Amino acid sequence: MKNRIGRLNEGRVKRLASCVALAVGLSACSDANQSNTTTPETAQQDSATANSIEVWPALQPALPRDEKVESRITDLLSRMTLEEKVGQMMQAEIKSITPEEVKQYHIGSILNGGGTFPNNDKFATPDDWRQLADDYFAASMDTSDGGAAIPIIWGSDAVHGHNNVIGATLFPHNIGLGAARDPELIRRIGEATAREVAVTGVDWTFAPTIAVVRDDRWGRTFESYSEDPEIVAAYAREMIKGIQGDKTSDEFLDGRHLVSAAKHFVGDGGTTRGIDRGDTAVSEKELAEIHAAGYITALESGVQSVMASFNSWNGKRLHGHKYLLTDVLKERLGFDGFVVGDWNGHRFVEGCTVDSCAQAVNAGLDMFMITAEWKALLKNTISQVKSGEIPMSRIDDAVSRILRVKIRAGLFERDRPLAGKNGILGNAEHRAIAREAVRKSLVLLKNNEQLLPIDARKNILVAGNGADNISKQSGGWTISWQGTGNTAEDFPGATSIYTGIKQAVDSAGGEVVLSENGELAKDAFSNGAKPDVAIVVYGEEPYAEWHGDIASIEYQLGSKADQELLQKLKAQDIPVVSVFLSGRPLWVNKELNLSDAFVAAWLPGSEGAGVADVLLTDSEGNKRYDFTGQLSFSWPEQVHQTVINRSDAEYQPLFAYGYGLNYGSTTQVANNLNENGESYVNGELEDAWLMVSRPRAPWKLYIEEDGAELQWVNGNLASSADDNIVVASIDMLSQEDARALTWKGLRAGSVVLHTQKPQDLSRYLTEGSALTLEIRVDQAPEAAVSAQINCAHGGCSGALPLQSTLSKLPIGEWSEVSIDLQCFAAAGADFTNISQGLSLHSEGKLAMAVANIKFVPGAREQAQVRCES
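Numbering of residues starts from 1 in every chain and runs along the sequence as written. For a predicted model such as this one, the threshold for reporting local features is a pLDDT of at least 70, and the threshold for listing and counting side-chain atom pairs is 80 or more; totals across whole chains, interfaces and linings nevertheless cover every residue. Each side-chain value is worked out from all heavy atoms of the structure, with water and hydrogens disregarded.

## Quick word on the overall build of the protein chain
A tally of regular secondary structure across the protein chain gives 24 helices and 32 strands. Our radius of gyration is a C-alpha quantity, and the globule rule it is checked against amounts to 2.2 Å times the number of residues to the power 0.38. By the compact-globule yardstick of 29 Å for 869 residues, the protein chain fits well, its C-alpha radius of gyration being 28 Å. On the principal axes, the C-alpha backbone points of the protein chain span a range of 75 × 75 × 55 Å. Note on classification: 1.4 Å probe, protein chains only; a residue is buried when its accessible area is under 20% of the maximum for its type, exposed when over 50%, partly exposed between these limits. In the protein chain, which comprises 869 residues, the proportion classed as buried is 63%. Total accessible area on the protein chain stands at roughly 30600 Å², and carbon and sulfur atoms take up 47% of it. Averaging the locations of the 80 positively and 115 negatively charged side chains of the protein chain gives two centres separated by 2 Å. Each helix is a run of H or I in the DSSP string that is no shorter than four residues. Each strand is a run of E no shorter than two, and both are numbered from the N terminus. In short, Shrake-Rupley with a 1.4 Å probe defines the accessible areas, and a residue's cover is counted only from the protein chains shown. Lys and Arg are tallied as positive, Asp and Glu as negative. Neither His nor the chain termini are counted. Charge placement uses NZ in Lys and CZ in Arg. For Asp and Glu, CG and CD serve respectively.

## Focus: helix α16 (residues 428–441)
The span one expects for a helix is its residue count, reduced by one, times 1.5 Å. Under the 1.5 Å per step criterion, the end-to-end length of α16 is 20 Å for 14 residues, consistent within 8% with the ideal 20 Å. All buried positions along α16 are accounted for by H430, R431, I433, A434, E436, A437, V438, R439 and S441.

## Observations concerning helix α3 (residues 67–79)
Relative to the 18 Å expected for 13 residues at 1.5 Å per residue, α3 spans 19 Å between its end C-alpha atoms, a close match to the ideal helical length. Of the residues making up α3, those classed as buried are V69, E70, I73, L76 and L77. Across the axial projection of α3, the buried residues extend over an arc of 125°, all falling on one side. Pointing more than 90 degrees away from the buried face of α3 are the exposed residues K68, T74 and S78. The contact definition used throughout considers only heavy atoms, calling two residues in contact when any of these lie within 4.5 Å. In this structure, the buried side of α3 is in contact with α4 (82–88) and α15 (392–408). Any N or O atom pair separated by 3.5 Å or less is treated as a polar contact, with the protein-specific requirement of one donor-capable and one acceptor-capable atom, and with residues adjacent in sequence counted only for side-chain atom pairs. Where α3 begins, the capping side chain belongs to D66, and its oxygen is found 2.9 Å from the backbone nitrogen of K68. Throughout, the arc means that of the directions going from the helix axis to the C-beta atoms.

## Regarding the sheet that holds strand β15 (residues 511–514)
Paired strands, in this sense, are two strands between which DSSP finds at least two bridges. Spatially, the six strands line up as an open sheet ordered β13-β18-β17-β16-β14-β15, and their pairing is mixed. Each edge of the open sheet is held by one strand with a lone partner, namely β13 (443–447) and β15. Direction aside, neighbouring strands of the sheet carry axes that sit 20° apart on average. Where β13 lies against strand β18 (residues 597–602), four bridges are found, and the strand directions are antiparallel. Looking across to β18, one finds that N447 is bridged to A597. Note on definitions: angles span 0 to 180 degrees between N-to-C directions of axes, and those axes are lines fitted to C-alpha atoms, for helices only across the stretch in contact. Across the sheet, helix α18 (residues 497–508) touches β14 (459–463), β15, β16 (533–539) and β17 (576–581), and the angle it forms with β15 is around 160°. The sheet strands contacting helix α19 (residues 561–571) are β14, β16 and β17, and the helix crosses β16 at an angle near 175°.

## Quick word on empty space enclosed by the protein
Grid spacing is 1 Å over the protein atoms alone, the probe is 1.4 Å, and a cavity is where that probe fits but cannot get out, while a pocket is an open set with protein on both sides within 12 Å along at least five of seven lines and lining residues have an atom within 4 Å of a point. Grid points are joined across faces, edges and corners, and a volume is the space filled by probe spheres set on the points. By volume, the largest cavity amounts to about 130 Å³. Every residue lining the largest cavity is counted, 14 residues in all, and those nearest its centre are D203, G255, L258, L411 and D415. Residues of the lining of the largest cavity, tallied by class, amount to eight nonpolar, three polar and three charged. For the second largest cavity, the calculated volume is near 100 Å³. In this structure, the second largest cavity is lined by 16 residues; those nearest its centre are V159, H160, N174, I189 and M239. Asp, Glu, Lys and Arg are counted as charged, while Ala, Val, Leu, Ile, Met, Phe, Trp, Tyr, Cys and Pro are counted as nonpolar; the rest, among them Gly, fall into the polar class.

## Things to note about the packing of aromatic side chains
Note on ring pairs: Phe, Tyr and Trp rings are taken, using the six-membered ring of Trp, and paired if centres are within 6.5 Å. Classes follow the plane angle, with under 30 degrees stacked, over 60 edge-to-face and the rest tilted. Here the structure, examined in full by the defined rule, presents 19 aromatic pairs. On the basis of an interplanar angle of 45° and a centroid distance of 5.7 Å, the ring pair of F580 and F598 is categorised as tilted. With F580 in strand β17 and F598 in strand β18, this pair connects stretches of sequence that are 18 residues apart. Grouping residues by exposure puts F580 and F598 together as buried. Aromatic ring contacts, followed pair by pair, group Y538, Y555, F580, F598, W602 and W635 into a single cluster. The ring of F412 carries the charged tip of R72 above its face, separated from the ring centre by 4.6 Å. Here, a charge over a ring means that NZ of Lys or CZ of Arg falls within 6 Å of the ring centre while also lying within 35 degrees of the ring normal. For the cation-ring pair, R439 lies above Y625, with the distance from its terminal atom to the ring centre recorded as 4.0 Å.

## Brief notes about the state of the cysteines
Note: disulfide means a covalent bond formed between the sulfur atoms of two cysteine side chains. The criterion for a disulfide is a pair of cysteine sulfur atoms lying within 2.5 Å. Within the structure shown, the criterion is met by three disulfides. One disulfide bridge connects C352 with C357, the sulfur atoms lying 2.1 Å from each other. Taking the torsion about the S-S bond as the criterion, the C352 to C357 disulfide, at about 65°, is right-handed. Relative accessible area serves as the criterion here: at 11%, C352 is assigned to the buried category. Residue C357 is classed as buried on the basis of its relative accessible area, which comes to 1%.

## Side note on the sheet that holds strand β5 (residues 204–205)
The strand order across the open sheet built from eight strands is β11-β8-β6-β5-β4-β3-β2-β12, with neighbouring strands paired in parallel fashion. If you trace the sheet from one side to the other, it starts and ends with β11 (338–340) and β12 (368–370), each paired once. Sheet topology note: the strand β4 (residues 153–156)/β5 ladder contains two bridges and is parallel. Following the sheet pairing, S156 is matched in β5 by T205. Contacting β5 and β6 (259–265), helix α9 (residues 229–244) crosses the sheet at an angle of about 150° to β6.

## Topic: the packing of α3 against α15
Packing of α3 against α15 brings their axes to within 10 Å, and their N-to-C directions diverge by 130°. The orientation of α3 relative to α15 falls into the category oblique. Two packed elements cross with a definite hand, and for α3 against α15 that hand is right-handed. Counted together, V69, E70, R72, I73, L76 and L77 of α3 and D396, V399, S400, L403, R404 and I407 of α15 form the full contact between these two elements. Looking at the contact of α3 with α15, its residues break down into seven nonpolar, one polar and four charged. Roughly parallel means an angle under 35 degrees; roughly antiparallel means over 145; roughly perpendicular covers 65 to 115; every other angle is labelled oblique. Two helices cross in a left-handed way if the nearer one is turned anticlockwise from the farther one by less than a right angle. They cross in a right-handed way if the turn is clockwise.

See the structure below:
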């Protein structure tokens, strides 16, 4: 690494079958064929003859067979009707099912999705959670209709602590824990999380995620411990022990330790281009040795549930993959617990819908995770068993597995020693563990001139919008699903990074001033001096799952507000320490060049004071803790290095896997790292994502009406005056992955993807790109409609009529529309200075929905609307 640093000092919907005309007088247009990512080679992998089960280790069940348990299962099965059995295979979301319905339909499981709370109350107390859990349990055990009494099991995504409950301890996300290199710490975190979950009466946590990430553009990278299967395997073993207890001891599933879930089986971290729920096109050997490494140790530790993955393997969806779910997981690997689906994940299996999927059951799925459509799915599954489409033996096997776990976990006896107990959720002991984890997760990337540790007796400026922002430092899966919409009041007992710094500075006799934008009054410090150092805390905004998928790993692509803040401080000769909050390594060369010290802090959670523990000295000027964190993900040198892993044949990172300085290091990192974001070397220009699931930086979604200021659509619903234009988040294929746009026609107006800093997108024009988007027309336009790409100054906008196109689309169905960018250029758009990547303008009534808005390089030839340059 020394030589490396030295060198751096020198330098799925319906596609239109016919050509879509935009009524702009264009004659050159062509059909666009649906691309097929499954090649003949990968298709062969899916054939029975290509499967190589010998690459998987032959394991025995982790727990010895207990004849008393098996006899109890047999007895229960003999007394259950088909309807009761299939009911056990349903896991319904608490917003969609009542305790009375649990009793009526003999439902086996419930879950709370991200951002779902008892009584739909974000501020539900731990006792509210416990009471609802008791209500569901009582309903499941009610035998007044003559059915068998089988306890319900409640699952929750407690992925970095009991993160759905206000006041819980929030541990660093997995990516930070991977940098800590401390399996014993992971076990203690698992134990603490289980205790806090147990307080609320919940029986089962959907953790840990044991994905091995290959492409850091994936929106769930922060849920992975490492790109290295060795770390993932070691951590999976200990986290399962922490949550469930040691399988050889009396603590195993004792009510203080709960049911765990290893997820997502298998290959979720290996999808092509890091697209969430995409295809993992790898050999079976690679699947087993890299992506399944954590499952081997999880199974050996006795994990009781495994969650099937959304992704496909070489073109076939895991929810319907019999070879992997049954032949490999249950038979070869000896898993005797149950397989649960992910959120409506069965709907993506070929031939399935959200309310009917015999294929998943036959493949080995034991429990459906189903939302509002659970009644229809229950009914259809029962019918499929009666018709013989699903064998009764498969139902009995699935229910036996569910019952086995419920019996092992003591759910029939309702042994819940911590339920309703005070003094456990968010207690000092658990917060101390989390603070320790923060300290150990920090990775020091740069410390030129040994600026760190900072003397806490000095004048210290704290800047950046992450400094006093617990929501930002906690990331996704925090109270809400995406981790957004939270304020400081939602984190009682938590500490922001700034608060931790202030506590340390105050106790040492120094002085600290918080200024998010870096501006300071002349008398900001009592001695009238300027800051001795600035600690700038900045980074990614919270996200979860596919909402976090990105097209480029460049940090703040197109905006660079934080770079400008660093430049302002450097211009004043103030030494700068960057504390970078992120869920993945990102290309931050520009920010690194402006920083005298740079710390990768990941997503530390509720105990921000752990950052100050390492950055600042004590009152004697001595370090309190040293840096010990080491990168568990390789850090890119070039913006095209989206796939960069330690085992790569050509491995040239900026900071290698395992890198991490301490206070004894003398390494100097260059201040002239390459800042050319267009330097793709052997890479290719990637898609420009304007809105994929959500608006993508630097673009934001706005409502625009003549004479009125742009109105930011910040949230799931926004409207202009008189509700003339309404924008709402809706589901196309996944949660909130599309936007419904409605114009009342009271006055003309637009919905626009706008950026405050104009973008030079001319490269997309020269590389033959097309604008592509999914459109669903719900009410045909009654007046003129146009698609526009507009520049930052007047007289250079390109507008294309769209009314005729929309009128020809089938009502209520999704279609893909693609337009050669040359069409907009020909109409006057200046692609060197774009401020509105797309504006949809209507003069009258119109209701439509849009999704997946992109500029796609090389797509011009397949665009439905073509223009000659």
